[in-house]
Amino acid sequence: DPDARIAAAENLIRKFADTEFKGLALYLATESAREKNDTEKVLLYGERTLEADPKNYATMLILAQTIASRVREHDFDKEENLGKAEKHANSAMELLKTAPKMNPQLPDEQWAQAKKDFESQGLQALGMVANVRKKYDVAVGHFKQAIELNGDPVTMVRLGQTYNMATKYD
């Protein structure tokens, strides 16, 4: 249950502020907030996770997608937020290049696919950023790359929406 995971993470951090598991607990709280569709908490826990673990690429990807999905065309801080989303996505994809296995027992093939899935998430976020900037050709490129890596149906829908926004109906 997401609320129970968030409460457990907060409890752990309150009792053991310097625990080596702080980054993991905050990451789980970030994931749980995303599961609840609580954007404000996703951003809060995501930033706290990166304070505790600056190389947590999974959290960077969550933040990139979350930030990119909430920016609107006429937002006062539009470019600032799009820049944050881009930075998180690009940083995560750079870290992935040399990231060790999350679980040493994970077979190499599964780790390679997991890295592709993470990279796909970064490309999706970059495509979302490009859409807000109305750089549809750039967005199409990012979404196509993401689909090649993962084949996620959500990315396919985003690609279709981008073609519609670019008036490329064929």
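Structure shown above.
Small disclaimer: the values here were computed from a predicted structure and weren't measured.

Enquirer: Would you take a moment to explain the side chain of threonine 49 for this structure?
Expert: Here threonine 49 lies in helix H3 (residues 39-52). Once residues within four sequence positions are removed from consideration, threonine 49 is found in contact with Gly23, Leu26, Tyr27, Thr30, Asn56 and Thr59.

Enquirer: Quick question: what am I supposed to make of the layout of surface pockets here?
Expert: Considered as a void within the structure, the largest pocket measures approximately 310 Å³ in volume. Lining of the largest pocket is provided by 14 residues; of these, Asp53, Lys55, Asn56, Tyr57 and Met102 occupy positions nearest its centre. Of all the secondary-structure elements, those providing two or more residues to the lining of the largest pocket are helix H2 (22-35) and helix H4 (57-70). If one sorts the elements of the lining of the largest pocket by residue count, H2 sits on top with three residues. For the lining of the largest pocket, the class distribution of residues is nine nonpolar, two polar and three charged.

Enquirer: Help me out: how do you make sense of the environment of aspartate 75 in this one?
Expert: On the secondary structure map, aspartate 75 appears in the loop between H4 and helix H5 (78-96). It is 20 Å that separates the C-alpha atoms of aspartate 75 and threonine 162, two residues lying 87 residues apart in sequence. Looking at aspartate 75, its side chain comes within polar contact range of the main-chain nitrogen of arginine 72, at 2.9 Å.

Enquirer: Explanation requested: the packing of aromatic side chains in the structure shown.
Expert: Between two aromatic rings, the relevant description is the distance of the centres plus the angle of the planes. According to the stated counting rule, one finds one aromatic pair in the structure shown. Note on tyrosine 57 and phenylalanine 118: the rings are 5.2 Å apart at their centroids and 80° apart in plane angle, and the pair reads as edge-to-face. With a gap of 61 residues between them, tyrosine 57 in helix H4 and phenylalanine 118 in helix H6 (residues 108-132) connect regions that are remote in the sequence. The same class applies to tyrosine 57 and to phenylalanine 118, which are both buried.

Enquirer: I keep staring at the nonpolar core and nothing clicks. Help me out?
Expert: The tendency in soluble globular proteins is for nonpolar side chains to be buried side by side. Ranked by size, the top nonpolar core spans 27 residues in total, and within it Tyr57, Ile67, Trp111 and Phe118 carry the most contacts. At the level of secondary structure, the elements contributing two or more residues to this core comprise H3, H4, H5, H6 and helix H7 (136-149). Setting aside anything within four residues of it in sequence, one finds tyrosine 57 in contact with Ala92, Leu95, Leu96, Ala99, Pro100, Met102, Trp111 and Phe118. In terms of nonpolar packing, the next biggest core, distinct from the first, is built from 10 residues, Ala25, Leu26, Ala29 and Tyr45 among them.

Enquirer: Can you help me understand the environment of arginine 48 in this one?
Expert: Within the fold, arginine 48 resides in helix H3. In this structure arginine 48 touches Glu10, Ile13 and Leu26, once residues within four positions along its chain are discounted.

Enquirer: I would appreciate a short explanation of helix H1 (residues 2-15) in the present structure.
Expert: Owing to its 3.6 residues per turn, the α-helix brings residues three or four apart onto one side. For H1, which comprises 14 residues, the first-to-last C-alpha distance of 20 Å matches the rise-based estimate of 20 Å (1.5 Å per residue) to within 8%. Within the sequence span of H1, burial applies to Pro2, Ile6, Ala9, Glu10 and Ile13. The buried side chains of H1 occupy one side of the element, clustering within an arc of 95° when seen end-on. Between the side-chain oxygen of the N-cap and the backbone nitrogen of aspartate 3 there are 3.2 Å, and the N-cap of H1 in question is aspartate 1.

Enquirer: Looking at this structure, how should I read the packing of H3 against H4?
Expert: Packed helices, taken two at a time, are described by their axes: the angle between them and the distance between them. Direction vectors running N to C along H3 and H4 enclose 145°, while the axes themselves pass 10 Å from each other. Here the hand of the crossing between H3 and H4 comes out left-handed. Residue-level contacts link Thr39, Glu40, Val42, Leu43, Gly46, Glu47, Thr49 and Leu50 of H3 to Thr59, Met60, Ile62, Leu63, Thr66, Ile67 and Arg70 of H4. Tallied by class, the residues present in the contact of H3 with H4 amount to seven nonpolar, five polar and three charged.

Enquirer: Could you clarify how one ought to interpret unusual backbone geometry in this entry?
Expert: A negative phi holds for most residues other than glycine; trans holds for most peptide bonds. Not every positive phi belongs to a glycine, and asparagine 37 is a case in point at roughly 65°. Given a relative accessible area of 67%, asparagine 37 falls into the exposed group. The phi torsion at threonine 167 lies on the positive side, around 55°, for a residue other than glycine. Among the structural elements, threonine 167 can be located in the segment after helix H8 (153-165).

Cut-offs applied
- Counting restarts for each chain: residues are numbered from 1 in the order of the written sequence.
- Two thresholds apply to this predicted model, a pLDDT of at least 70 for residue-level local features and 80 or more for giving and counting side-chain atom pairs, whereas whole-chain, interface and lining totals are computed over all residues.
- In computing side-chain properties, one takes all heavy atoms of the structure into account and sets aside hydrogens as well as water.
- Comment: elements are numbered from the N terminus, with helices defined as DSSP H or I runs of at least four residues and strands as E runs of at least two.
- Contacts between residues were defined by any pair of non-hydrogen atoms, one from each residue, lying within 4.5 Å.
- Cavity: a set of points on a 1 Å grid over the protein atoms alone where a 1.4 Å probe fits but cannot get out. Pocket: an open set with protein on both sides within 12 Å along at least five of seven lines, its lining residues, like those of a cavity, having an atom within 4 Å of a point.
- Grid points are joined across faces, edges and corners, and a volume is the space filled by probe spheres set on the points.
- Asp, Glu, Lys and Arg are counted as charged, while Ala, Val, Leu, Ile, Met, Phe, Trp, Tyr, Cys and Pro are counted as nonpolar; the rest, among them Gly, fall into the polar class.
- Contacts described as polar in this section are N or O atom pairs within 3.5 Å, which, within protein, must combine one atom able to donate a hydrogen with one able to accept it, while residues neighboring in sequence count only if both atoms come from side chains.
- Pairing of aromatic side chains requires ring centres within 6.5 Å, counting the rings of Phe and Tyr and the six-membered ring of Trp. Pairs whose planes differ by under 30 degrees are stacked, by over 60 edge-to-face, and all others tilted.
- When accessible area is computed with a 1.4 Å probe and restricted to protein chains, residues below 20% of their type maximum are described as buried, those above 50% as exposed, and intermediate ones as partly exposed.
- The definition of a nonpolar core used throughout is a set of buried Ala, Val, Leu, Ile, Met, Phe, Trp, Tyr and Cys residues joined through side-chain atoms within 4.5 Å.
- The span one expects for a helix is its residue count, reduced by one, times 1.5 Å.
- To obtain the arc, one takes the directions from the helix axis to the C-beta atoms.
- Orientation is described by lines fitted to C-alpha atoms, with helices fitted over the stretch in contact, and by angles between N-to-C directions that extend from 0 to 180 degrees.
- Each crossing gets its handedness from the near helix: less than a right angle anticlockwise from the far helix is left-handed, clockwise is right-handed.

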